[in-house]
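# Breakdown of the fold
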Amino acid sequence: MLKDFEMKKREDKETLSAETKDLRAVLLGQQQLLIEAKLPVLVLIEGWAAAGKGSLIKELISEIDPRFYKVVSPVIIPESDERYPFLYQYASAIPVNGKITFMDSGWMESAVRKFMRHEITKDEYRRRIRQVNEFERQLRDSGYLILKIFLHIEKDEQFQRLRTLSEAPETEWRVTNEDLWQHKEYKRFLSAYDEFMEKTSDTVSWNILDGSRRKSAVHDAMKLLTEKIDKGLKDGKYVGEPFDEKFPLNKMPDLADVDLSPSIDEEKYKKELKKLQTRLSELHNIIYRKKIPVILCYEGWDAAGKGGNIRRIAYPLDPRGFDVHPIASPLPHELNRQFLWRFWTRLPKTGHICIFDRTWYGRVMVERLEGFCSEKDWKRAYNEINEFERMLTDWGAVVIKFWIHIDSDTQLARFTERQNTPEKQWKITDEDWRNREKWDDYEVAVDEMLQKTSTKYAPWYIIESNDKKYARIKTLKIIVKALEKACEEHFEHIID
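Quick look at the structure, then. The numbers attached to residues start from 1 for each chain and follow its sequence in the written order. Two thresholds apply to this predicted model, a pLDDT of at least 70 for residue-level local features and 80 or more for giving and counting side-chain atom pairs, whereas whole-chain, interface and lining totals are computed over all residues. Side-chain measures here rest on the full set of heavy atoms in the structure, leaving out hydrogens and waters.

## Structural notes on the sheet that holds strand β9 (residues 398-405)
Think of a sheet as strands paired side by side through backbone hydrogen bonds, with each pair either parallel or antiparallel. We apply this condition: Strand pairing requires that DSSP identify at least two bridges connecting the strands. A run of H or I in DSSP becomes a helix once it reaches four residues, and a run of E becomes a strand once it reaches two; helices and strands are each numbered from the N terminus. All axes are obtained by fitting lines to C-alpha atoms, using only the stretch in contact for helices, and the reported angles, taken between N-to-C directions, cover 0 to 180 degrees.
Strand order in the open sheet formed by five strands is β7-β8-β6-β9-β10, and the pairing between neighbours is parallel. The two strands at the open ends of the sheet, each matched to only one other strand, are β7 (322-326) and β10 (460-464). Strand-to-strand, the axes of this sheet are offset by a mean angle of 20°, without reference to chain direction. Two elements, β7 and strand β8 (residues 353-357), share five bridges in a ladder whose sense is parallel. Residue pairing for β8: V324 is matched across the bridge by I355.

## Section: a negative patch on the surface
Put simply, the test is: A patch is a set of surface residues, each over 30% in relative accessible area and not in a salt bridge, joined within 9 Å for like charges and within 5 Å for the nonpolar side chains Val, Leu, Ile, Met, Phe, Trp and Tyr. The Shrake-Rupley method, run with a 1.4 Å probe sphere, supplies the accessible areas, and residue values consider only the shown protein chains as cover. Within this document, salt bridges are pairs made up of a side-chain nitrogen of Lys or Arg and a carboxyl oxygen of Asp or Glu, the two lying within 4 Å of each other. Only four residue types enter the tally: Lys and Arg on the positive side, Asp and Glu on the negative side, with His and both chain ends excluded. By convention, charge coordinates are those of NZ in Lys, CZ in Arg, CG in Asp, or CD in Glu.
Together, D12, E14, E19 and D22 make up a region of like negative charge exposed at the surface. By secondary structure assignment, the location of E19 is in helix α1 (residues 13-37).

## Things to note about helix α16 (residues 408-420)
Applied cut-off: The span you would expect from a helix comes to 1.5 Å times its residue count less one. Remark: exposure states derive from per-residue accessible area (1.4 Å probe, protein chains only) relative to the maximum for the residue type, with buried under 20%, exposed over 50%, and partly exposed in between. In this description, one arc is meant: the one made by directions from the helix axis to the C-beta atoms. The term polar contact refers here to a pair of N or O atoms within 3.5 Å; inside protein, the definition further demands a hydrogen-donor-capable atom paired with an acceptor-capable atom, and it admits residues adjacent in sequence only when both atoms are side-chain atoms.
With 13 residues, α16 should cover 18 Å at 1.5 Å per step; its first-to-last C-alpha distance of 18 Å lies within 8% of that length. Considered for burial, the residues of α16 that qualify are T410, Q411, R414, F415 and R418. Seen from one end, α16 has its buried residues packed into an arc of 135°, which puts them on one side. Of the exposed residues in α16, those oriented more than 90 degrees away from the buried face are D409 and N420. By the N-cap criterion, in which a side-chain oxygen at the helix start approaches the backbone nitrogen of a residue two or three places on, α16 is capped by D407, the distance to D409 being 3.3 Å.

## Brief notes about the sheet that holds strand β2 (residues 69-72)
Stated formally: The contact definition used throughout considers only heavy atoms, calling two residues in contact when any of these lie within 4.5 Å.
Strand order in this open sheet of five strands is β2-β3-β1-β4-β5, and the pairing throughout is parallel. Because the sheet does not close on itself, it has two edges, and the strands there are β2 and β5 (206-210). The average angle at which neighbouring strand axes cross in this sheet is 20°, direction not considered. With five bridges joining them, strand β4 (residues 145-152) and β5 adopt parallel strand pairing. Within β5, the residue paired with F150 across the bridge is I208. Each of β1 (41-47), β4 and β5 touches helix α8 (residues 186-199); the most contacted strand, β4, lies at about 160° to it.

## A look at the packing of helix α7 (residues 177-184) against α8
Convention followed: Each angle gets one of four labels, with under 35 degrees taken as roughly parallel, over 145 as roughly antiparallel, 65 to 115 as roughly perpendicular, and the rest as oblique. Three classes are used, and their members are as follows: Ala, Val, Leu, Ile, Met, Phe, Trp, Tyr, Cys and Pro are nonpolar, Asp, Glu, Lys and Arg are charged, and the others, Gly among them, are polar.
Where α7 contacts α8, the axes come no closer than 5 Å and their chain directions differ by 85°. It follows from the interaxial angle that α7 and α8 lie roughly perpendicular. Where α7 abuts α8, its residues W181, Q182, H183 and K184 lie against Y186, F189 and Y193. Residues belonging to the contact of α7 with α8 are distributed by class as follows: four nonpolar, two polar and one charged.

## Thoughts on the side chain of E134
The topology assignment puts E134 in helix α5 (residues 122-141). The contacts of E134, once residues within four sequence positions are left out, are E387 and R390.

## Observations concerning the pattern of salt bridges
Enumeration over the complete set of coordinates arrives at 49 salt bridges. A salt bridge links E124 to R128, with the nearest nitrogen and oxygen atoms 2.7 Å apart. With a gap of four residues between them, E124 and R128 both fall in helix α5, about one helical turn apart. The class of E124 is buried, set by a relative accessible area of 12%. Judged by relative accessible area, R128 falls into the buried class, the value being 4%.

All quantities given are derived from atomic positions and should not be read as evidence of function.
So, in structure tokens, the structure goes:
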């Protein structure tokens with residue numbers, strides 16, 4: 001791709017200027033149409049240091065209403081200092097429906113530089129290429145218009161530009177040691193960029209522009225963007241088809257086959273609770289020191305005891321090192337982005353614990369049954385969720401998922417108690433009663449969810465909660481065991 005690109009074609013500057021002016025007017029008119037069609041646009045500008053990425057973005061946004069676009073300049077943090085997953089800052093920056101995000105360098109530059117610096121292994125580099133392909137496909141399948149541009153300049157041209165910048169007092173700050181290193185290793189970077197583009201062009205193709213011809217680059221980028229938007233407006237918002245990928249799955253029982261009789265007596269409960277909470281507190285200190293992120297996911301029937309269960313987990317933890325995220329119906333700005341966005345933005349830093357009270361699995365339960373998304377959306381979500389969780393565990397996170405399970409009679413008894421107890425009435429709503437009427441439908445959906453998403457790397461655990469105290473002890477035991485294993489494996493990895 002990059003190696004075969006023909007540089008320095010002749011320019012007709014007068015014609016280019018006239019056509020670019022017309023394209024600016026087209027883009028200005030498309031802006032309102034994008035809002036009406038609720039089409040989100042992500043424009044990724046990659047390229048060589050001093051190739052003119054910033055100047056190109058400046059030209060692209062020159063006529064657009066600034067209320068409807070955003071320019072993002074992601075920072076490449078050394079791998080040793082990174083506290084979030086590889087794609088975190090890019091996934092967090094995706095635009096809301098109807099708006100445009102311009103990204104000044106992104107996932108390609110980050111992955112290539114870290115690999116070239118030997119900050120990540122070859123296997124990790126390959127994983128990141130796979131994650132990029134999955135990320136781009138998920139955005140495309142959710143209706144995003146994605147334009148990827150690489151600004152190319154030759155080594156001599158880069159040298160001249162870097163020298164000009166470094167010799168002027170007002171611009172010398174723009175030339176970094178990283179830029180000089182890239183120039184020195186130009187040939188190696190050329191091969192790395194070329195390989196990356198070859199391996200990430202199946203879903204969204206790369207467009208290479210000649211950065212040494214500024215007017216042509218602006219014209220061609222503007223043409224690519226307006227054509228991409230025009231096609232999206234004509235075709236309508238794209239909805240990807242469901243597909244099947246093989247993941248390593250655990251065999252899960254149907255909910256109807258789960259024995260809900262297990263219980264624990266009060267004395268044993270108190271003794272076990274104290275012991276397990278003490279151990280969890282110790283482990284929290286260890287995972288913080290070892291920078292192991294932990295993600296605990298709670299789903300379950302209404303009134304199953306999720307809140308009480310979470311309180312017993314949170315109590316022994318250092319409040320500075322964990323967050324609890326209660327997940328309700330998505331707010332408008334969340335609903336107008338790819339469905340995983342609101343979870344990307346809530347991920348923990350390394351060494352921290354994040355507890356989700358309801359999760360991304362709403363996509364294949366309530367959103368599925370209440371018609372809040374299309375059938376294609378929720379059927380496709382099983383694979384998207386498995387990919388998301390695989391990315392989290394590739395990052396080093398411990399991901400544990402709990403289905404807090406009770407039978408219908410127990411739920412009815414707890415609903416009735418809440419309704420008849422003044423201080424508990426806030427816990428029961430009309431929606432709870434409506435959901436109860438759909439118990440059988442939810443059970444079918446949950447069974448399918450458990451079967452399709454209990455992976456070896458992010459397993460589901462069904463927690464019998466007719467006896468809430470038994471459920472709390474079982475949950476604590478599972479967490480403690482998983483964290484002990486993670487700490488041991490981390491130690492072995494360091495030794496190796």
